[in-house]
Amino acid sequence: MLPEVDHRLGFSPLEREFEIDALPVEGEMPPWLRGTLFRNGPGTWEAGESKMRHWFDGLAMLHRFGFREDEVSYANKYLRSPQYQHVRREGRIGYSEFATDPCRSIFKRLTSAFSPEFGSNASVTVHKLAGRFVALTETPLPVEFDPETLETVGVLEYRDGVEGIGTSPHPHTDPKSGDALNTITHFSRTSEYRVFRLPAGTGTPRRRIVSRIPAREPAYMHSFGQTERHVVLAEYPLVVNPLKMLLTGRPYAENLAWKPERPTRFHIVDRESGERAGVCEAEGFFAFHHVNAFERDGEIFVDLLAYPDDAVIRDHYMDALLSRRGPTAAAELRRYRLRPGKSASYEKLSDEPLELPRMNYEARNGRDYSYVYGIGQGEDQASWPDRLVKVHVRDGSALVWREEGCYPGEPVFVPAPDGRSEDSGVVLSVVLDAASETSFLLVLDAASFGEVARARVPHHIPFGFHGQYFGEGET
Ligand code: CO
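Residues numbered from 1 in each chain as written. Predicted model: local features only at pLDDT ≥ 70, side-chain atom pairs only at ≥ 80, totals over all residues. Heavy atoms only, no water.

Here's the deal with the overall build of the protein
The helix and strand tally for the protein stands at six helices and 36 strands. What you see for the protein is a C-alpha radius of gyration of 21 Å, in line with the 23 Å of a compact globule of 475 residues. Seen through its C-alpha atoms, the protein measures out along the principal axes to roughly 55 × 55 × 50 Å. Taken over 475 residues, the protein has a buried fraction of 60%. Considering only intrachain contacts with a sequence separation of at least 6, the fraction spanning at least 24 residues in the protein is 59%. (Helix = DSSP H or I, 4+ residues; strand = E, 2+ residues; numbered from the N terminus. Rg over C-alpha atoms; globule rule 2.2 N^0.38 Å. Buried < 20%, exposed > 50% of the residue type's maximum accessible area, 1.4 Å probe, protein only. Contact = heavy atoms within 4.5 Å.)

A few points about the coordination of the cobalt ion
Octahedral metal centres with six donors ideally show angles of 90 or 180 degrees, and tetrahedral centres with four donors ideally show 109.5 degrees. With distances of 2.0 to 2.1 Å, the protein atoms coordinating the cobalt ion are His170 (NE2), His222 (NE2), His289 (NE2) and His466 (NE2). Around the cobalt ion sit four donor atoms; with metal-centred angles ranging over 91 to 153°, the donor geometry is irregular. Along the chain, the residues donating to the cobalt ion fall in the pattern H-x51-H-x66-H-x176-H. Of this pair, His222 sits in the loop between strand E16 (208–214) and strand E17 (225–226) while His466 sits in the loop between strand E35 (451–456) and strand E36 (467–471), and the two are 244 residues apart along the sequence. With a relative accessible area of 6%, His222 lands in the buried category. Taking the relative accessible area as the measure of exposure, His466 reaches 3% and is therefore buried. (Donors = N, O, S within 2.8 Å, 3.2 Å for Na, K, Ca; no water. Tetrahedral: all angles 85-135°; square planar, octahedral: opposite > 155°, others 65-115°.)

Focus on the sheet that holds strand E7 (residues 71–78)
The strand order E1-E7-E6-E3-E36 describes an open sheet built from five strands, whose pairing is antiparallel. Whereas interior strands pair on both sides, the edge strands pair on one side only; in this sheet they are strand E1 (19–20) and E36. Pairing geometry for strand E6 (residues 59–68) and E7, over eight bridges, is antiparallel. Directly across from Leu62, in E7, lies its bridge partner Lys77. With respect to the sheet, helix H1 (residues 82–90) is in contact with strand E3 (35–44), E6 and E7, its orientation differing from that of E6 by roughly 115°. (Pairing = 2+ DSSP bridges. Axes fitted to C-alpha atoms, helices over the stretch in contact; angles between N-to-C directions.)

Looking at the packing of aromatic side chains
The tally for this structure, following the rule as stated, stands at 37 aromatic pairs. The aromatic ring of Phe285 is capped on one face by Arg334, whose charged end is 5.6 Å from the ring centroid. Seen from the ring of Tyr371, Lys390 lies directly overhead, with NZ or CZ sitting 4.3 Å from the centre. (Phe/Tyr/Trp six-rings, centres within 6.5 Å; stacked < 30°, edge-to-face > 60°. Lys NZ or Arg CZ within 6 Å of the ring centre and 35° of its normal.)

Overview of a negative patch on the surface
On the surface, Glu19, Asp21, Glu28, Glu69, Asp70, Glu71 and Glu472 cluster together to form a negatively charged patch. When you line up the elements, Glu28 lands in the loop between strand E2 (25–27) and E3. By relative accessible area, which is 68% here, Glu28 ends up exposed. (Patch = residues over 30% accessible without salt bridge, like charges linked within 9 Å, V, L, I, M, F, W, Y side chains within 5 Å. Areas by Shrake-Rupley, 256 points an atom, 1.4 Å probe, with all protein chains shown as cover. Salt bridge = Lys/Arg side-chain N within 4 Å of Asp/Glu carboxyl O. Lys, Arg positive; Asp, Glu negative; His and termini not counted. Charge placed at Lys NZ, Arg CZ, Asp CG, Glu CD.)

Some points on the nonpolar core
A general trend in soluble globular proteins is that nonpolar side chains are found buried together. By size, the foremost hydrophobic cluster in this structure holds 105 residues, and its most contacted members are Trp55, Phe65, Phe67, Tyr220, Phe266 and Leu338. When residues in this core are grouped by element, the largest group, seven residues, is from strand E24 (residues 299–307). Look past the residues within four positions of Leu338 in its chain and what remains in contact with it is Val232, Phe266, Ile268, Cys280, Glu299, Ile300, Val302 and Ala344. In this structure, Ile375, Cys406, Val427 and Val431 belong to the second largest nonpolar core, which totals 15 residues. (Core = buried A, V, L, I, M, F, W, Y, C linked by side-chain atoms within 4.5 Å.)

A look at H1
Looking only at H1, the buried set comprises Gln83, Tyr84, His86 and Val87. Buried residues along H1 cover an arc of 165° about the axis, so they all sit on one side. Tucked inside the fold, the buried residues of H1 contact strand E4 (46–47), E6 and E7. The positive-phi residue at the C-terminal boundary of H1 is Gly91, with phi of around 75°. (Arc of directions from axis to C-beta.)

With respect to unusual backbone geometry
The phi angle of most residues is negative, glycine excepted, and most peptide bonds adopt the trans form. With phi around 45°, Glu69 is a residue other than glycine that occupies positive phi space. Mapped onto the elements, Glu69 comes out in the loop between E6 and E7. For Glu69, a relative accessible area of 57% puts it in the exposed group. Positive phi, normally seen in glycine, also occurs at Glu437, with a value near 55°. One can find Glu437 in the loop between strand E33 (425–433) and strand E34 (438–445). What makes Glu437 partly exposed here is its relative accessible area of 43%.

Things to note about empty space enclosed by the protein
The tally for this structure, following the rule as stated, stands at four cavities of 30 Å³ or more. Every residue lining the second largest cavity is counted, 22 residues in all, and those nearest its centre are Gly409, Val430, Pro462, Phe463 and Gly464. At the level of secondary structure, the elements contributing two or more residues to the lining of the second largest cavity comprise E3, strand E31 (406–408) and E33. The element that contributes the greatest number of residues to the lining of the second largest cavity is E3, accounting for four residues. Considering only residue class, the lining of the second largest cavity consists of 14 nonpolar, six polar and two charged. (1 Å grid on protein atoms, 1.4 Å probe; cavity = no way out; pocket = protein on both sides within 12 Å on 5 of 7 lines; lining within 4 Å. Points joined across faces, edges and corners; volume = space filled by probe spheres on them. Nonpolar A, V, L, I, M, F, W, Y, C, P; charged D, E, K, R; others polar.)

Let's talk about the sheet that holds strand E26 (residues 345–348)
Within the open sheet, the four strands sit side by side as E23-E24-E25-E26. Their pairing is antiparallel. The open sheet has two edge strands with one neighbour each: strand E23 (286–296) and E26. Across the sheet, the mean angle from the axis of one strand to that of its neighbour is 25°, orientation sign disregarded. In this sheet, E24 lies alongside E23 in antiparallel orientation, the contact comprising eight bridges. In the strand pairing of E24, Glu295 is matched with Ile300.

With respect to the environment of Val72
Within the secondary structure layout, Val72 lies in strand E7. Along the backbone, Val72 and Val426 are 354 residues apart, and their C-alpha atoms lie at a distance of 15 Å.

Describing the pattern of salt bridges
One pass over the structure, following the stated rule, counts 39 salt bridges. Across the pair Glu217 and Lys259 runs a salt bridge whose closest N-O atoms are separated by 3.1 Å. Of this pair, Glu217 sits in the loop between E16 and E17 while Lys259 sits in the loop between strand E20 (256–258) and strand E21 (264–270), placing them 42 residues apart in sequence. The class for Glu217 is buried, based on a relative accessible area of 12%.

So, in structure tokens, the structure goes:
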């Protein structure tokens, strides 16, 4: 009997690069769906004689699904980042990742800790920044790629002197100017979070710092919230002692300390003036992903996916992923209510555990909204996420898509061109079908959550993180 294939196939490498003009399609693709879905995630965790230790550290691979008339094309390619080049040339890891370190002499460790070299293994997501298509991660240098061929153009160097090490791979877009808003953490004796703007134009990319928030022990923040007036940084009690980090030279994740005695602090910053509009404290928790934020009657509401502590980071080491059935903790969809000067309170918006959240960003980001889409898992939480979930945040009800032996990735919402309601459109998700050892691109009707079509890829696609859809004419 063949050994049972399960979700762990999603953590096995895909070495080959493909270009396929037309995938076999079941069902009918919506005729209005004309554009490109880019996905990003690790393609392999192997680096010559060494291995990456954490899910987040695998070498970035881009995937491209093109939608034209009745056809769906597909291509994938490793990002030729400095880390990738080093691994392929030298047969070993060349730069520090989130939780993996190159073997280095003490001297080299110290010098590189004080002036970090970035491997720019940008495996987290894809964005259009300053008119360029880029792959992003949590280190500050994006990697530009060609949206047609997926060829790597090169590391996008900012000519602005803005220093910092940890940034968010989830920048927001200013709906008025099209500028990107983001945060970067500067580690030093006097560390600070810096909120910056990156203009939308295609000129030399220069970030402009709009606000600075001092932090003695900076927290690990993967994303932040944006309302119509403010950005909101949630500072969790998962922190780094910057001098210790610089001195030990150990990878970032091993310097993170969970300090449950500390609160979570919400920092509210005016998006235009940069003025700090207030701080609200809540009990300690951790989150990777904000979902949305909005204001009503002088109060700010921040929706995010909260974990009780930092165990989720340890759960995502490769050893744990390959030996266990699933993560120990699932994230809870919470709505925090912020009133400056008062402590923050929250309500749970749904009983469904959720991760990799998406919503109708163009229409509802920064505003009150109804729907969030994500990957979910059963109540026993013993399994790897095996379903797609649409939560109605106003009443907590949910729709679920699930198929035996299938493990879906982030559901990207694409609005229909004539969409009248918030959920007029489709969601696109790359689903691992363990039994057939292949993946397929699933198209669900966002309103009913029923299947519209699927396009099967002839191989498996390792579990990735995020992606972005661009309509015809945007690429
Ligand atoms: Co993310």
